[in-house]
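# Reading the structure
Residue-level listing of the chains:
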Amino acid sequence: MLNILQRATLEAFIRETKSSQEMRRALAVINLEDGLDLDLFDISTKHAQRLRRVFRNDGVEAFRDNRHNNQKVLLTKKERDAVSTMLRTSTPNDHGYSDSPFWSTRILAAVIELKYRVRFASKTSYYLLFREATFTFHLPGKKYEKADAAAVIIWKNEHNSRLKEAFADPYTVILCEDEMVLTQATTTQKVWIPQGTSPAIIETNRSRKNRSFYGFLNVKSGKEHAFVTERQTMYETAKILAKVRKCYPNKRILLIWDGAGWHRGSVAQAAVKKLHIDTIHFPPYSPELNPQEHVWKEGRSAVTHNRHIPNIEPVAREFADHLNSTIYHYSLLDFRSI
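Residues numbered from 1 in each chain as written. Predicted model: local features only at pLDDT ≥ 70, side-chain atom pairs only at ≥ 80, totals over all residues. Heavy atoms only, no water.

### Quick look at a positive patch on the surface
- On the surface, Arg231, Lys239, Lys243 and Lys246 cluster together into a patch of positive charge.
- For Arg231, the location among the structural elements is in the loop between β3 (224-229) and α8 (234-247).
- Looking at Arg231, the relative accessible area reads 47%, which means it is partly exposed. (Patch = residues over 30% accessible without salt bridge, like charges linked within 9 Å, V, L, I, M, F, W, Y side chains within 5 Å. Areas by Shrake-Rupley, 256 points an atom, 1.4 Å probe, with all protein chains shown as cover. Salt bridge = Lys/Arg side-chain N within 4 Å of Asp/Glu carboxyl O. Lys, Arg positive; Asp, Glu negative; His and termini not counted. Charge placed at Lys NZ, Arg CZ, Asp CG, Glu CD. Helix = DSSP H or I, 4+ residues; strand = E, 2+ residues; numbered from the N terminus. Buried < 20%, exposed > 50% of the residue type's maximum accessible area, 1.4 Å probe, protein only.)

Structural data, given as structure tokens:
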């Protein structure tokens, strides 16, 4: 309970404070003292008891709103908005960094210091500026020198209606296909480790063996069909297509893949015709269109990155098992599962 002096101090604070939040906290303590309901203040009994306990020790500071940061603001709201606009509408090339098309923390810090004479002590402040501009952190992907943006647009327009019909048809399976090669070479990703330590991953120095993978992503269901082979040829392709047909014996199959030679070879084309598989070829040098590319990346991240591979066979089996037991929700031209 509060003594007479404490009660008087609390009532005087309620009359004088200009903050509705501070008044709400103080009134909650008054109601707690008087045994009245606290629901009106949206404060629990435990919270009010804690406020009363702090008030007894520290006085009315118990009710102050201490969430305000009294540190000097290095960039005003107007300046932060200007930085966000700069990030969205320009690249480092526009600020004298001719060989840096992508923003980095280092470049942003240099540009802000030159423009506003401000240097933040922590990288976190620059991260927050990127987030205010709705930027996310990504490793740049690959773009082929021979990629033709106009050809991609034409391809999308040409096949949009057909894909829309295929997605709406419950008897049609849409498969996006691609190949990859798994080697004994160690591939690395960034990992979180204790400060002051350094990770070491064993690298295979002897001649490296490899295994090829054919991957077919059912973009309606997210089901993956991965097959391990010795190599990628039109003969292997024909065998794999026969296995895929067995997975969908009573469905129409629309297969979307690239124009690799082992796809267009006579043996592979004969298999396509015999197995009654409809095909569409992705435009040249446009792997970003193929959702199967994402399957490879996710699978590699889960199974083979940061790993010494002394024997390719068990790892290849593990990789295939992981792919075939995981559902991948990726879209094709913004079409998703029906």
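Still more ground to cover, so stick around.
### Thoughts on the pattern of salt bridges
- Enumeration over the complete set of coordinates arrives at 10 salt bridges.
- Ionic pairing is found between Glu11 and Arg7, a salt bridge with its closest N-O pair at 3.0 Å. With a gap of four residues between them, Glu11 and Arg7 both fall in helix α1 (residues 4-16), about one helical turn apart.
- With a relative accessible area of 33%, Glu11 lands in the partly exposed category.
- Through salt bridges with shared partners, a single network forms among Arg7, Glu11 and Asp34.

### As for α1
- For α1, built from 13 residues, the straight-helix expectation of 18 Å at 1.5 Å per residue is met to within 8% by its first-to-last C-alpha distance of 19 Å.
- Listed in full, the buried residues belonging to α1 are Gln6, Leu10, Ala12, Phe13 and Ile14.
- Looking at the buried positions of α1, the neighbouring elements they touch are α2 (20-34) and α3 (45-58).
- N-capping of α1 is provided by Asn3, with a side-chain oxygen placed 3.2 Å from the backbone N of Leu5. (Expected span 1.5 Å × (residues − 1). Contact = heavy atoms within 4.5 Å. Polar contact = N/O pair within 3.5 Å; in protein donor to acceptor, adjacent residues only side chain to side chain.)

### Structural notes on helix α12 (residues 312-324)
- Taking 1.5 Å of rise per residue, 13 residues should cover 18 Å, and α12 covers 18 Å from first to last C-alpha, within 8% of that figure.
- Those residues of α12 that fall on the buried side of the exposure criterion are Ile312, Val315, Ala316, Phe319, Ala320 and Leu323. All buried residues of α12 project into a common sector of 135° when viewed along the axis, lining one side.
- On the buried face of α12, the contacting elements are β1 (172-183), β2 (210-218), β3 and α11 (292-303).
- For α12, the capping residue at the N-terminal end is Asn311, with a side-chain oxygen 3.2 Å from the backbone nitrogen of Glu313. (Arc of directions from axis to C-beta.)

### Here's the deal with the side chain of His225
- By secondary structure assignment, the location of His225 is in strand β3.
- Within polar-contact distance, the side chain of His225 engages the side chain of Tyr248 at 2.7 Å.
- Not counting chain neighbours up to four residues away, the residues in contact with His225 comprise Tyr214, Gly215, Phe216, Cys247, Tyr248 and Asn324.

### As for the packing of α8 against helix α10 (residues 266-274)
- With their axes 7 Å apart at the nearest point, α8 and α10 run at an angle of 15° to one another. Viewed along their axes, α8 and α10 adopt a mutual orientation that is roughly parallel. Pair α8 / α10 crosses with right-handed handedness. Listed contacts from α10 to Met234, Tyr235, Thr237, Ala238 and Leu241 of α8 are Ser266, Val267, Ala268, Ala271 and Val272.
- Partitioning the contact of α8 with α10 into residue classes produces eight nonpolar, two polar and no charged. (Axes fitted to C-alpha atoms, helices over the stretch in contact; angles between N-to-C directions. Parallel < 35°, antiparallel > 145°, perpendicular 65-115°, else oblique. Left-handed = near helix turned anticlockwise from the far one by under 90°. Nonpolar A, V, L, I, M, F, W, Y, C, P; charged D, E, K, R; others polar.)

### Observations concerning the packing of aromatic side chains
- Using the criterion set out here, one finds nine aromatic pairs in the structure.
- Considering the side-chain rings of Phe130 and Phe135, the 5.8 Å spacing of their centres and the 25° angle between planes classify their relative orientation as stacked.
- You can call Phe135 partly exposed: its relative accessible area is 29%. (Phe/Tyr/Trp six-rings, centres within 6.5 Å; stacked < 30°, edge-to-face > 60°.)

### Quick word on the environment of Asn250
- One can find Asn250 in the loop between α8 and β4 (252-257).
- Between the alpha carbons of Asn250 and Ser266 there is a distance of 25 Å; along the sequence they are 16 residues apart.

### Quick word on the sheet that holds β3
- Spatial strand order, β3-β2-β1-β4-β5: five strands in an open sheet with mixed pairing. The open sheet is flanked by β3 and β5 (277-281), the only strands paired with a single partner. Neighbouring strand axes in the sheet, compared pairwise and without regard to direction, differ in orientation by 25° on average.
- Bridging between β2 and β3 involves six bridges; their strand directions are antiparallel. In the strand pairing of β3, Phe216 is matched with His225. (Pairing = 2+ DSSP bridges.)

### Some details on unusual backbone geometry
- With a phi close to 60°, Arg117 is a non-glycine residue in the positive phi region.
- Along the chain, Arg117 turns up in the loop between α5 (105-116) and α6 (123-132).
- Overall, the relative accessible area of 67% leaves Arg117 in the exposed class.
- Despite not being glycine, His276 has its phi angle at roughly 55°, a positive value.
- Residue classification places His276 among the exposed residues on the basis of a relative accessible area of 64%.

Remember, this is a structural readout, not a statement about activity or role.
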